[in-house]
Amino acid sequence: MLALSGITVRYGERPVLHGVDVTVSRGELLAVLGANGSGKSTLLRAAADLVPVAAGQVTVDGGPRDRLDLALVFQRIHLVRRRSVLDNVCAGALGRLPLRSSLLGFPREVREEAMACLERVGLADRAHDRAGSLSGGQQQRVAVARALCQRPRVVLADEPVSALDPAASEQVLALLAELAHVEGLAVLAVLHQPALAARHADRVVGLRDGRVVLDGRPDQSVDSLYQVLEPVS
Ligand SMILES: Nc1ncnc2c1ncn2[C@@H]1O[C@H](COP(=O)(O)OP(=O)(O)OP(=O)(O)O)[C@@H](O)[C@H]1O
């Protein structure tokens, strides 16, 4: 389980998260919704240790978090476009490989594991194509495969479908839900689309001005999910 407890983040003097408590169980896809500036990305960055927290703590399965436990998927897809799809997925394993072996090319076991990750996202047939030749939705699925190849316990996805068309968005969200349900990962995804959250997430957290204002099942009321997105009057 990923547990964020009492997370407070300030940028300069300005508090952006005020003692936020959020948990994501293994096997669960949690969607975080909120208006622009409500603190969603900051929460994800705090979980990933990419921003200093003024107070609170982050644990994974009850212990201190290890960088390798957490795999990140971003809105802007960071693939090496001129390298093969397979090499990009292999890069997910870099954190656990000795530098020498990665400089010499990825070992066979890693390439086999990366291939299995590509099968998982339905792109094994594109393994030897240049990553840059894939569509945006396919590239995001490669980014998910790379995250999987890291063997994480937690996946943190920051607006993973914001740049994708509706069909590709559904595919990527369904894939993230499957990783949670089948692989038993804890998956936290920051989303802007309540309808997508309602269809795919197991639980939804709503943030408003750096505070949790909703935490529940996504089927409770899509209206209440939309209300979270309304700016504070
Ligand atoms: N590096 C930074 N330095 C200073 N202020 C920041 C920084 N990053 C974010 N902020 C501010 O913190 C607040 C929360 O930003 P954050 O990006 O977490 O919100 P968000 O909910 O993810 O927004 P969006 O939906 O627009 O991506 C905003 O007011 C933003 O201006």
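This report concerns the structure included in the present document. Every value quoted in this text rests on a predicted model; they were computed, and no experiment measured them.

So, about the packing of helix α4 (residues 108-120) against helix α5 (residues 136-149). Relative orientation of the contacting elements α4 and α5 amounts to 135°, with a least axis distance of 9 Å. The angle between α4 and α5 falls in the class oblique. For α4 against α5, the interelement crossing comes out right-handed. Within the contact between the two elements, α4 uses E113, A114, C117, L118 and R120 and α5 uses A145, L148 and C149. In terms of residue class, the contact of α4 with α5 is built from 6 nonpolar, no polar and 2 charged.

Across the sheet, 4 strands lie side by side as β2-β1-β4-β5; this open sheet has antiparallel pairing. The open sheet has two edge strands with one neighbour each: β2 (14-24) and β5 (63-64). On top of the sheet, helix α1 (residues 40-47) reaches β1 (2-11), β2 and β4 (55-60); it is set at about 115° to β1, its chief contact.

Attention now moves to the nonpolar core. Counting 50 residues, the largest nonpolar core has L29, V89, L118 and L191 as the members making the most contacts within it. Sort the elements by how many residues they give to this core and helix α6 (residues 166-183) lands first, with 8 residues. In contact with L29, not counting residues within four places along its chain, are L173, A177, A180, V187, A189, H200, A201, D202 and R203. Of all hydrophobic cores here, the second largest spans 26 residues; its members include L4, L17, V32 and V190.

Here the focus is the environment of V204. Within the element layout of this structure, V204 appears in strand β9 (residues 203-208). Overall, V204 belongs to the buried group, its relative accessible area being 1%. Separated by 174 residues in sequence, V204 and L30 place their C-alpha atoms 5.6 Å apart.

Surveying the vicinity of the ligand reveals 14 residues, the closest of which are R14, G37, K40, S41 and T42. Taking S38, its main chain carries an N or O atom lying 3.1 Å from an oxygen atom of the ligand. For the ligand, an oxygen atom lies 3.2 Å from a polar atom in the side chain of E159. With the chains in place, 63% of the 640 Å² that the ligand exposes on its own is no longer accessible. Elements with a minimum of two residues in the shell around the ligand: β2 and α1. Take the shell around the ligand: its biggest share by element is 4 residues, from α1. The residue inventory of the shell around the ligand, partitioned by class, reads 3 nonpolar, 7 polar and 4 charged.

What follows is about the pairing of strand β3 (residues 28-34). Successive residues of a regular strand alternate their side chains across the two faces of the sheet. Burial within β3 is extensive, with 7 of its 7 residues counted as buried. Along β3, one buried face is formed by E28, L30, V32 and G34 and the opposite face, lined by L29, A31 and L33, is buried too. The pairing of β3 with strand β8 (residues 186-190) spans 5 bridges and is classified as parallel. Within the sheet, the bridge partner assigned to E28 lies in β8 and is A186.

Looking now at α1. In terms of burial, α1 is largely enclosed, as 7 of its 8 residues are buried. Of the residues making up α1, those classed as buried are K40, S41, T42, L43, L44, A46 and A47. After α1 finishes, the residue D49 shows a positive phi value of roughly 65°.

The next point concerns the sheet that holds strand β10 (residues 211-216). Hydrogen bonds between backbone atoms are what pair the strands of a sheet, whose relative direction is either parallel or antiparallel. The 6 strands lie next to each other as β6-β7-β8-β3-β9-β10, forming an open sheet whose pairing is mixed. A strand with exactly one partner marks an edge of an open sheet, and here the two such strands are β6 (70-74) and β10. Averaged over all neighbouring strand pairs, the angle between strand axes comes to 20°, with direction disregarded. Across the sheet, α1 touches β3, β6, β7 (154-158), β8 and β9, and the angle it forms with β7 is around 150°. Packing of α6 onto the sheet brings it into contact with β3, β7 and β8, and relative to β3 it is tilted by some 135°.

Further remarks concern the pattern of salt bridges. Inspection of the entire model under this criterion finds 15 salt bridges. For R203, the salt bridge identified is with E28, shortest N-O distance 2.9 Å. Residue R203 is found in strand β9, and its partner E28 is found in strand β3; the two are separated by 175 residues along the sequence. Given a relative accessible area of 13%, R203 falls into the buried group. What makes E28 buried here is its relative accessible area of 12%. Residues joined in a network through salt bridges with shared partners are R26, D61, D69 and R153.

The rules behind each value
- Residues numbered from 1 in each chain as written.
- Predicted model: local features only at pLDDT ≥ 70, side-chain atom pairs only at ≥ 80, totals over all residues.
- Heavy atoms only, no water.
- Axes fitted to C-alpha atoms, helices over the stretch in contact; angles between N-to-C directions.
- Helix = DSSP H or I, 4+ residues; strand = E, 2+ residues; numbered from the N terminus.
- Parallel < 35°, antiparallel > 145°, perpendicular 65-115°, else oblique.
- Left-handed = near helix turned anticlockwise from the far one by under 90°.
- Contact = heavy atoms within 4.5 Å.
- Nonpolar A, V, L, I, M, F, W, Y, C, P; charged D, E, K, R; others polar.
- Pairing = 2+ DSSP bridges.
- Core = buried A, V, L, I, M, F, W, Y, C linked by side-chain atoms within 4.5 Å.
- Buried < 20%, exposed > 50% of the residue type's maximum accessible area, 1.4 Å probe, protein only.
- Near = heavy atom within 4 Å.
- Polar contact = N/O pair within 3.5 Å; in protein donor to acceptor, adjacent residues only side chain to side chain.
- Areas by Shrake-Rupley, 256 points an atom, 1.4 Å probe, with all protein chains shown as cover.
- Salt bridge = Lys/Arg side-chain N within 4 Å of Asp/Glu carboxyl O.

By themselves these figures say nothing about function.
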